Amino acid sequence: MSKYQRKVLVSTSAGIALENMDIMFLSFSLSTMITTFGITGTQAGFISTITNIGMLVGGIIFGILADKFGRVKVFSQTVIIFSIASLLMFFASNIYLVYLFRFIAGIGAGGEYGACMSLISETFSKKHLGRATSTAAIGAQVGAILAAILASLIIPLLGWKMLYVIGVIPVLLVLDIRKGLKEPESFAESHKDKSAGKFSLLFADKATAWQTVGLSLMVTVQIAGYFGLMNWLPSIMQKQLHLSVSGSSLWMISTILGMCLGMMTFGTVMDKLGPRLAYGIFLICSSASVFLIVFAHDKWTLLAAAVIVGYFINGMYGGYGAIISSLYPTTIRATANNFIMNVGRAIGGFSSVVIGFLMDHYSLMTVIIFLAVIYLISLTVMLTLPGLKMMHLQEKTA
């Protein structure tokens with residue numbers, strides 16, 4: 001990498017880390033928030049839902065703006081929006097203000113992804129794009145770890161509101177890093193095009209429409225598996241192996257480690273074998289690996305299962321930025337990234353509700369079968385996408 005490419009990668013990774021850290025603050029502050037405002041579980045659960053709606057709205061708006069006016073400009077503006085919304089949480093005196101501030105935070109967080117991935121794809125060559133976007137995506141896991149550390153230190157001493165105030169400080173570092181970033185040359189050539197940021201181009205013809213819908217379905221499965229595992233399986237492990245909270249936290253750490261290793265590997269595999277083969281391998285292995293959870297009978301087999309499952313189920317996450325950026329022209333690249341990713345987040349986020357229902361009425365094996373089946377559905381969808389077929393044929397020809 002050149003010095004400038006490293007700067008782009010550091011900046012985008014840091015931005016994604018801070019975005020996910022802010023989103024994950026809710027997981028650690030929710031119980032004390034319920035006590036503070038005296039709200040029901042349903043009212044508390046709606047906070048996450050309205051955040052996801054904000055991300056979808058922000059994704060569409062800022063995707064269009066990034067394609068029209070610039071990746072770097074939008075990149076910085078979205079960070080400022082979710083950081084200000086995070087700070088405003090300190091002044092939330094009732095649940096309705098929490099809804100408002102988390103919706104605004106969602107708008108900023110949802111708008112950032114497309115600008116990040118477009119900036120990376122227009123800075124790195126195609127043969128290294130998978131590794132570049134996967135490396136940037138690891139920032140999300142770093143953000144989750146930062147959120148856990150800050151929550152454990154701040155909430156017991158200063159309360160949950162101060163957590164959101166402290167979470168704003170690192171944003172200043174990101175804004176400083178971004179001072180040296182410039183708009184890519186390919187964007188400079190394309191943004192004058194009247195079709196730049198035109199949302200309807202995502203559904204311009206039948207092939208493109210199915211490509212957009214199909215990729216959205218794949219991201220939905222990706223997000224559903226992630227949130228299902230991260231939100232529910234620690235509780236499942238506590239019941240199945242009679243582990244303490246600290247024991248189940250060890251499972252979480254192991255899973256995140258496996259996810260980071262998976263993302264580091266997947267980018268290289270995709271650059272070498274192409275997206276069709278890379279996703280095929282990881283989706284099949286994801287479907288098979290979730291059954292390891294059922295057979296975990298002690299702490300060590302649990303740790304091994306955690307690393308393997310995390311490796312496959314979230315290893316693919318960083319690849320979406322690369323394939324979406326490759327399949328859509330520069331004029332709608334950020335729009336496509338934001339729309340597809342945030343539709344997946346909005347729908348996939350409901351997996352926690354589905355898994356909760358299956359746990360209440362059926363069994364752990366039912367949950368595992370559900371996860372295995374949705375990965376196979378994603379595999380089937382992936383094999384039908386015309387753009388990926390074309391990329392595969394071009395790579396074979398080359």
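Just so it is clear, the structure is predicted and the values come from calculations on it, not from any experiment.

**Some thoughts on the side chain of Ser121**
Then, in step 1: For Ser121, the location among the structural elements is in helix H4 (residues 95–121).
Then, in step 2: Polar contacts involving the side chain of Ser121 include one to the main-chain carbonyl oxygen of Ser118, which spans 2.9 Å.

**As for the packing of H4 against helix H13 (residues 319–327)**
Then, in step 1: Closest axis-to-axis distance for the H4/H13 pair is 9 Å, and the angle between their directions is 70°. Between H4 and H13, the interaxial angle falls into the category roughly perpendicular. Residues Tyr113, Met117, Ser118 and Ser121 of H4 form the contact with H13, whose participating residues are Tyr320, Gly321 and Ser325.

**Some thoughts on the packing of aromatic side chains**
Then, in step 1: One pass over the structure, following the stated rule, counts 14 aromatic pairs.
Then, in step 2: A network of ring pairs unites the aromatic residues Phe266, Tyr279, Phe282, Tyr311, Phe312 and Tyr320 as a single cluster.

**Considerations on the pattern of salt bridges**
Then, in step 1: Summed over the entire model, instances satisfying the criterion amount to 6 salt bridges.
Then, in step 2: Note that Asp22 is salt-bridged to Arg102, the shortest N-O span being 3.1 Å. On the criterion of sequence distance, the pair formed by Asp22 in helix H1 (residues 3–37) and Arg102 in helix H4 is long-range, its members being 80 residues apart. No difference in accessibility class separates Asp22 from Arg102, as the two residues are buried.

**Digging into the confidence of the model for the chain**
Segments scoring low in pLDDT should not have their predicted coordinates read at a detailed level.
Then, in step 1: Taken as a whole, the chain shows an average pLDDT of 84; of its residues, 90% reach a score of 70 or greater.
Then, in step 2: By mean pLDDT, helix H7 (residues 169–177) is the weakest element of the chain at 68, and helix H11 (residues 275–289) is the strongest at 94.

**Concerning the environment of Leu303**
Then, in step 1: Within the fold, Leu303 resides in helix H12 (residues 299–313).
Then, in step 2: Sequence separation between Leu303 and Ser254 is 49 residues; the distance between their C-alpha atoms is 6.2 Å.

**As for the packing of helix H15 (residues 351–361) against helix H16 (residues 364–384)**
Then, in step 1: Relative to each other, H15 and H16 sit at 145°, their axes nearing to 8 Å. The handedness of the crossing between H15 and H16 comes out as right-handed. Across the interface between the two elements, Val354, Ile355, Leu358 and Met359 from H15 touch Leu364, Thr366, Val367, Phe370 and Leu371 from H16.
Then, in step 2: Here the contact of H15 with H16 is composed, by residue class, of 8 nonpolar, 1 polar and no charged.

**Quick look at H13**
Then, in step 1: Counted residue by residue, H13 has 8 buried out of 9 residues, so it is predominantly covered.
Then, in step 2: Regarding H13, the residues found buried are Gly319, Tyr320, Gly321, Ala322, Ile323, Ile324, Ser325 and Leu327.

**Notes on the nonpolar core**
Then, in step 1: Core analysis: the biggest nonpolar cluster contains 78 residues, and Ile120, Leu215, Met218, Tyr279, Tyr320 and Tyr328 have the highest contact counts within it.
Then, in step 2: Examining the composition of this core, we find that 10 residues originate from one element, H16, more than from any other.
Then, in step 3: Membership of the second largest hydrophobic core comes to 33 residues, among which are Met21, Ile39, Phe101 and Trp160.

**Examining the environment of Gly315**
Then, in step 1: Note on placement: Gly315 falls in the loop between H12 and H13.
Then, in step 2: What makes Gly315 buried here is its relative accessible area of 0%.
Then, in step 3: Considered as a pair, Gly315 and Ile138 are 177 residues apart in the sequence and their alpha carbons are 9.4 Å apart.
Then, in step 4: Every residue in contact with Gly315, bar those within four places of it in the chain, is listed here: Met259, Gly262, Met263, Phe266, Phe282 and Gly310.

**Quick look at a nonpolar patch on the surface**
Then, in step 1: Together, Phe203, Trp210, Val213 and Leu217 make up a nonpolar patch on the protein surface, roughly 320 Å² of accessible area in all.
Then, in step 2: Here Leu217 shows up in helix H9 (residues 206–240).

**Notes on H15**
Then, in step 1: Among all positions of H15, only Ser351, Ser352, Ile355, Gly356 and Leu358 are buried. Angularly, the buried residues of H15 cover 165° about the axis, an arc narrow enough to put them on a single face. Exposed side of H15, more than 90 degrees from the buried face: Val353, Asp360 and His361 are the residues found there.

Conventions used here
Residues numbered from 1 in each chain as written. Predicted model: local features only at pLDDT ≥ 70, side-chain atom pairs only at ≥ 80, totals over all residues. Heavy atoms only, no water. Helix = DSSP H or I, 4+ residues; strand = E, 2+ residues; numbered from the N terminus. Polar contact = N/O pair within 3.5 Å; in protein donor to acceptor, adjacent residues only side chain to side chain. Axes fitted to C-alpha atoms, helices over the stretch in contact; angles between N-to-C directions. Parallel < 35°, antiparallel > 145°, perpendicular 65-115°, else oblique. Contact = heavy atoms within 4.5 Å. Phe/Tyr/Trp six-rings, centres within 6.5 Å; stacked < 30°, edge-to-face > 60°. Salt bridge = Lys/Arg side-chain N within 4 Å of Asp/Glu carboxyl O. Buried < 20%, exposed > 50% of the residue type's maximum accessible area, 1.4 Å probe, protein only. pLDDT = per-residue confidence, 0-100. Left-handed = near helix turned anticlockwise from the far one by under 90°. Nonpolar A, V, L, I, M, F, W, Y, C, P; charged D, E, K, R; others polar. Core = buried A, V, L, I, M, F, W, Y, C linked by side-chain atoms within 4.5 Å. Patch = residues over 30% accessible without salt bridge, like charges linked within 9 Å, V, L, I, M, F, W, Y side chains within 5 Å. Areas by Shrake-Rupley, 256 points an atom, 1.4 Å probe, with all protein chains shown as cover. Arc of directions from axis to C-beta.

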